[in-house]
Amino acid sequence: RKHPLEIPPPSEKDWLKDDEEDFFLQEADRKRDALPQPFRMINKLVMLVFENAMEIIERREMLREAQKLKVQPTKCSPTAEFQVTGRANCLTVSGKYIFVGLSVGLAAFKVSDCKEISAWDAVKTEICAIRASDLGNERHVLLAVDEMGLVWLFCFHRESFLLIKILNEAEDVSKRSACVEVVLSPGGDHAGVLLQGNTKAWLEIYRLPKDSWLKEMEKSPGAAAGLACRERRTQHCPQADILLLQESPVSASKADAKLSLPVLLLKVKPPKPVTGSTFKSPLDALKKVDDGSMLGLGYNHLIKDSQWEQQEAIFRSTYQEYLEVEGERESKEEIPRHATFHFLMPSWILQVGPEVKVQPDVPAGISVHWDGSHNLCLYLLNRPPKEKVDSDPKPDVVWPCAAPIACSAVSSCSRYLALACEDATITVWDKHLGYPLSVTAILEERLIRSIHFL
């Protein structure tokens, strides 16, 4: 050949006849692998499922990476365990002891080695709640509530349970009241018990003579040791424990004559519903007011029953479409049966007279608010000697709120008091100075169930 071989220029007759203009970007064998219908549709569905799965995997990976960047809480494994008789329902710590409420009584363990040192099961009653406070000198006061609602007052001394009294014991079972809540004051000077009967509820505040208990037990240590329902368990002779229970099953009931009994200071009843006035003139209403130096509970007013009924009729006719006919309850006629109360240290809010000696570490009063009530009532614990305990005492200070109080809390230093109302408003008070520190409104349609200081 005279001339070398050359690539011929493209001509129009060699162009592709198909519409696939990007055919040259595909693989050489791609045209052969094209699937016919319905396999192409199945292929698209499979690819769609695969892409969705990959999106989910990527999203989870992002969440996993974000979780790793957060501060992880420390996982604590149990360092020790202790064996109990029966079922453990509740426990509390006081000093170097752990007190456990069991299905058959009480048990005390040491914090250092978790070994059982004493137990009380003379009555074989189930303990559902327990409160304890360290009195010093290896003494502890305990309040235990059993399954029947009875409140058992114990003094734990020399590794033995000493039963002092059953606070709400009644000879007639039909008249027995059940305990709803029990609170011990810091230091164990006072105890509060909220009781419920068949149709009413009330709050009882006791003074605990802890100093007298120490003197009485020091004078007769042998008698105090004999008041224990059951001595320390021994691993060598378990039959001796069974024999002791059979010989003196309720030996601790004799402790009432040995140790001083708690003194009932207050019996606070729920406020009565505000009804129509019976006063004929404003002068009659003013005569019922003591000195007018504080706000009251709203009983001394001049609004008649007819005015209440007229206001109720106007309200119902105006908002009839919003009122539910079924299940509507007359809350105004109901007396509340549950209360929240706290022990308060001396402060500017509770003004105590100069004749009363005030100790900074001993509670000077209590704060009480009943369910559905707008008022926070404060009572002094040092009542006049002429006043009867069973009488319904008037609150020394009343704090009215704009909405019913839902819950409350007192700080560990006993200086700050927090009130949460049903309108989702939280107010923090400085009790020492006597004014609010902050008022915070939570988002609407929120109901605050509990509040705590951290």
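Description of the structure in this document. Bear in mind that the values here come from a model prediction, so they are computed numbers and not experimental data.

Analysis parameters
Residues numbered from 1 in each chain as written. Predicted model: local features only at pLDDT ≥ 70, side-chain atom pairs only at ≥ 80, totals over all residues. Heavy atoms only, no water. Buried < 20%, exposed > 50% of the residue type's maximum accessible area, 1.4 Å probe, protein only. Helix = DSSP H or I, 4+ residues; strand = E, 2+ residues; numbered from the N terminus. Pairing = 2+ DSSP bridges. Axes fitted to C-alpha atoms, helices over the stretch in contact; angles between N-to-C directions. Phe/Tyr/Trp six-rings, centres within 6.5 Å; stacked < 30°, edge-to-face > 60°. Lys NZ or Arg CZ within 6 Å of the ring centre and 35° of its normal.

Describing the pairing of strand E6 (residues 139-146)
Then step 1. Along E6, 8 of the 8 residues are buried, which leaves the element largely enclosed by surrounding structure.
Then step 2. Side chains Arg139, Val141, Leu143 and Val145 of E6 all project onto a buried face; the interleaved residues His140, Leu142, Ala144 and Asp146 project onto the opposite face, where all are buried too.
Then step 3. In the sheet, strand E5 (residues 127-136) pairs with E6 via 8 bridges, with the strands oriented antiparallel. Each residue of the ladder has a partner; that of Gly136, found in E6, is Arg139.
Then step 4. Remark: 2 residues form the turn of the hairpin made by E5 and E6, two consecutive strands paired antiparallel; Asn137 in that turn has positive phi of roughly 55°.
Then step 5. Sheet topology places E6 next to strand E7 (residues 151-157); 7 bridges connect them, and they run antiparallel. Counted as the bridge partner of Leu143 is Leu153 from E7.
Then step 6. Taken together, E6 and the strand that follows it, E7, pair antiparallel across an intervening segment of 4 residues, in which Gly149 is found at a positive phi of about 85°.

Comments concerning the sheet that holds strand E10 (residues 190-196)
Paired through their backbone hydrogen bonds, the strands of a sheet run either parallel or antiparallel.
Then step 1. Pairing in this open sheet of 4 strands is antiparallel, and the strands run E9-E10-E11-E12 from one edge to the other. Here the strands that pair on one side only, and so sit at the sheet edges, are strand E9 (178-184) and strand E12 (263-268). The sheet shows a mean angle of 20° between the axes of neighbouring strands, taken without regard to direction.
Then step 2. Sheet analysis places strand E11 (residues 201-207) next to E12, joined by 5 bridges and oriented antiparallel. The partner of Glu204 across the bridge, within E12, is Lys267.

Topic: the sheet that holds strand E15 (residues 375-380)
Then step 1. With respect to topology, 4 strands assemble into an open sheet ordered E13-E14-E15-E16, the strand pairing being antiparallel. At either margin of the open sheet sits one strand with a lone partner, and together these are strand E13 (339-344) and strand E16 (397-400). On average, each strand axis in the sheet is inclined to that of its neighbour by 20°, with strand direction left out of account.
Then step 2. Sheet topology note: the strand E14 (residues 365-370)/E15 ladder contains 4 bridges and is antiparallel. Each residue of the ladder has a partner; that of Ile366, found in E15, is Tyr379.

A word on the pairing of strand E2 (residues 97-102)
Then step 1. Across the 6 residues of E2, 6 count as buried, placing the element largely inside the fold.
Then step 2. Burial of E2 is two-sided: the residues Tyr97, Phe99 and Gly101 facing one way and the residues Ile98, Val100 and Leu102 facing the other way are all buried.
Then step 3. The pairing of strand E1 (residues 88-94) with E2 spans 6 bridges and is antiparallel. Bridging from a neighbouring strand, Val93 pairs with Ile98 of E2.
Then step 4. The loop that links E1 with its antiparallel partner E2 comprises 2 residues; one of these, Gly95, has a positive phi angle of about 65°.

What about the packing of aromatic side chains?
Then step 1. Following the criterion strictly, the structure yields 10 aromatic pairs and no others.
Then step 2. Ring geometry for Phe99 and Phe156: centres 5.0 Å apart, planes at 80°, overall edge-to-face. Here the residue Phe99 occupies a position in strand E2, and Phe156 occupies one in strand E7, the gap between them amounting to 57 residues.
Then step 3. Through pairs of rings, three or more aromatic residues link up here, namely Tyr97, Phe99, Trp120, Trp152, Phe154, Phe156 and Phe161.
Then step 4. Between Lys200 and the ring centre of Trp202, over which it is positioned, the NZ or CZ distance is 5.8 Å.
Then step 5. Note that Lys267 overlies the ring of Trp202, its terminal NZ or CZ placed 5.2 Å from the centroid.

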